[in-house]
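# Structural overview for review
Spelled out from the first residue to the last, the chains are:
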Amino acid sequence: MIGIDSLRFQYPSSDFHLDIADFQVADGEKVAVIGPSGSGKTTMLNLIAGILIPDAGDVTVNGIAVNELSDAKRRDFRITNVGFVFQDFELIDYLSVLDNILHPYRISSALVLTGQVRARAIVLAEGLGLGGKLHRNVTQLSQGEKQRAAICRALLANPKVILADEATGNLDPRNKGHILDALFEGVQAHGTSLVAVTHDHELLPRFDRVIDFQSFRAGDET
């Protein structure tokens with residue numbers, strides 16, 4: 001589902017560079033990525049999503065060479081094939097919970113907002129305990145509820161891949177478990193692949209595979 005081959009990336013005017021010889025994620029596989037801050041974990045997620053483009057090498061998602069797409073086609077591909085869950089939620093404060101969940105359908109012609117999509121959004125929200133809060137402003141939600149809304153948004157279009165960047169980092173221990181449950185249930189229901197960057201080692205036994213990114217970049221995958 002995800003393939004990275006002979007990748008090299010460097011930010012302009014920066015000494016940081018990222019080299020990945022080979023990285024593969026199978027259909028439906030749940031992979032955790034650990035490692036020190038600044039090692040390039042988030043950069044790798046952004047390369048997989050097509051937010052960044054490598055200087056060399058290839059990134060494929062669902063058989064599509066993401067780095068070969070134009071800016072507009074990468075944006076459409078990302079919004080239809082990749083769900084992103086961020087540590088700081090990336091919700092829009094002036095919108096309701098439901099409108100935040102539906103937001104990808106309002107900003108891209110690659111997705112068509114129908115009554116069926118709206119109904120699915122409601123079912124997802126109800127399943128994550130947000131059914132009674134859909135018309136509230138997101139600023140009225142707790143941290144855990146905000147992350148559940150973000151997960152609903154990421155899952156709504158049935159993406160092939162979910163990328164989670166420290167998705168439980170702002171949550172208390174009880175909410176971390178609930179959020180991971182929700183994320184795993186969502187990806188398992190549709191055979192979605194999950195790549196999750198985390199510093200929380202207590203969560204690692206729940207993944208199919210764990211990659212220590214520092215060792216991985218040195219060529220020793222765990």
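Residues numbered from 1 in each chain as written. Predicted model: local features only at pLDDT ≥ 70, side-chain atom pairs only at ≥ 80, totals over all residues. Heavy atoms only, no water.

Strand order in the open sheet made by the 4 strands is β2-β1-β4-β5, with antiparallel pairing throughout. Edge positions in the sheet fall to β2 (17-25) and β5 (64-65), since each of these pairs with one other strand and no more. Bridge count for strand β4 (residues 56-61) against β5 is 2 bridges, and the pairing is antiparallel. Note on β5: the bridge partner recorded for Thr60 is Ala65. (Pairing = 2+ DSSP bridges. Helix = DSSP H or I, 4+ residues; strand = E, 2+ residues; numbered from the N terminus.)

Within an α-helix, residues lying three or four positions from one another point in the same direction, as the helix has 3.6 residues per turn. Of all 9 residues that make up helix α1 (residues 41-49), 8 are buried, and the element is covered over most of its length. Within α1, burial applies to Lys41, Thr43, Met44, Leu45, Asn46, Leu47, Ile48 and Ala49. At the C-terminal side of α1, Gly50 shows a positive phi close to 80 degrees. (Buried < 20%, exposed > 50% of the residue type's maximum accessible area, 1.4 Å probe, protein only.)

Packed helices, taken two at a time, are described by the angle between their axes plus the distance between the axes. Packing of helix α3 (residues 97-107) against helix α5 (residues 143-155) leaves a shortest axis separation of 7 Å and a crossing angle of 30 degrees. As α3 runs across α5, the sense of the crossing is right-handed. Across the interface between the two elements, Val97, Asn100, Ile101 and Pro104 from α3 touch Ala149, Cys152 and Arg153 from α5. The residue inventory of the contact of α3 with α5, partitioned by class, reads 5 nonpolar, 1 polar and 1 charged. (Axes fitted to C-alpha atoms, helices over the stretch in contact; angles between N-to-C directions. Left-handed = near helix turned anticlockwise from the far one by under 90°. Contact = heavy atoms within 4.5 Å. Nonpolar A, V, L, I, M, F, W, Y, C, P; charged D, E, K, R; others polar.)

Turning next to the sheet that holds strand β6 (residues 82-86). Pairing between the strands of a sheet is mediated by backbone hydrogen bonds and can be parallel or antiparallel. In spatial order, the strands read β6-β7-β8-β3-β9; together these 5 strands make up an open sheet with parallel pairing. The sheet is open, and its two edges are formed by β6 and β9 (209-212), each paired on a single side. The mean angle between the axes of side-by-side strands here comes to 15 degrees, regardless of whether they run parallel or antiparallel. Judged from the 4 bridges that link them, strand β3 (residues 30-34) and strand β8 (residues 193-197) form a sheet pairing that is parallel. When the sheet's bridge partners are listed, Val31 is paired in β8 with Val195.

Let us now look at the pairing of β2. In the sheet, strand β1 (residues 2-10) pairs with β2 via 8 bridges, with the strands oriented antiparallel. The partner of Ile4 across the bridge, within β2, is Phe23. The antiparallel hairpin formed by β1 and β2 contains 6 residues in its connecting segment, where Ser13 sits at a positive phi of about 55 degrees.

Attention now goes to the pairing of β4. Where β1 meets β4, 5 bridges bridge the pair, whose relative direction is antiparallel. What sits directly across from Arg8, in β4, is Ala56. In textbook terms, the turn of a hairpin is the stretch between consecutive antiparallel strands, and for β4 and β5 this stretch comprises 2 residues, one of which, Asn62, has a positive phi near 55 degrees.

For α5, with 13 residues, the first-to-last C-alpha span of 19 Å sits near the 18 Å given by 1.5 Å per residue. Within α5, 12 of the 13 residues are buried, leaving the element largely enclosed by the surrounding structure. Against the buried residues of α5 lie β6, α3, α4 (115-127), β7 (161-165) and α6 (173-190). (Expected span 1.5 Å × (residues − 1).)

Before going further, it helps to spend a moment on a negative patch on the surface. Taken together, the side chains of Asp5, Asp22, Asp58 and Glu68 define an acidic patch exposed on the protein surface. With respect to the element layout, Asp5 can be found in strand β1. The partly exposed category is assigned to Asp5, whose relative accessible area is 40%. (Patch = residues over 30% accessible without salt bridge, like charges linked within 9 Å, V, L, I, M, F, W, Y side chains within 5 Å. Areas by Shrake-Rupley, 256 points an atom, 1.4 Å probe, with all protein chains shown as cover. Salt bridge = Lys/Arg side-chain N within 4 Å of Asp/Glu carboxyl O. Lys, Arg positive; Asp, Glu negative; His and termini not counted. Charge placed at Lys NZ, Arg CZ, Asp CG, Glu CD.)

Another aspect to go through is the pattern of salt bridges. Going through the model one piece at a time under the given rule, you end up with 8 salt bridges. Close ionic contact of Arg8 with Asp19 constitutes a salt bridge, the shortest N to O distance being 2.8 Å. One end of the pair, Arg8, is in strand β1; the other, Asp19, is in strand β2, and 11 residues separate them in sequence. Among the residues examined, Arg8 registers a relative accessible area of 35% and is labelled partly exposed. We classify Asp19 as partly exposed; its relative accessible area is 29%. Put simply, Asp208 and Lys30 hold a salt bridge, and the shortest N to O gap is 3.7 Å. Here Lys30 lies in strand β3 and Asp208 lies in the loop between β8 and β9, a separation of 178 residues in the sequence. Residue Lys30 is classed as buried on the basis of its relative accessible area of 15%.

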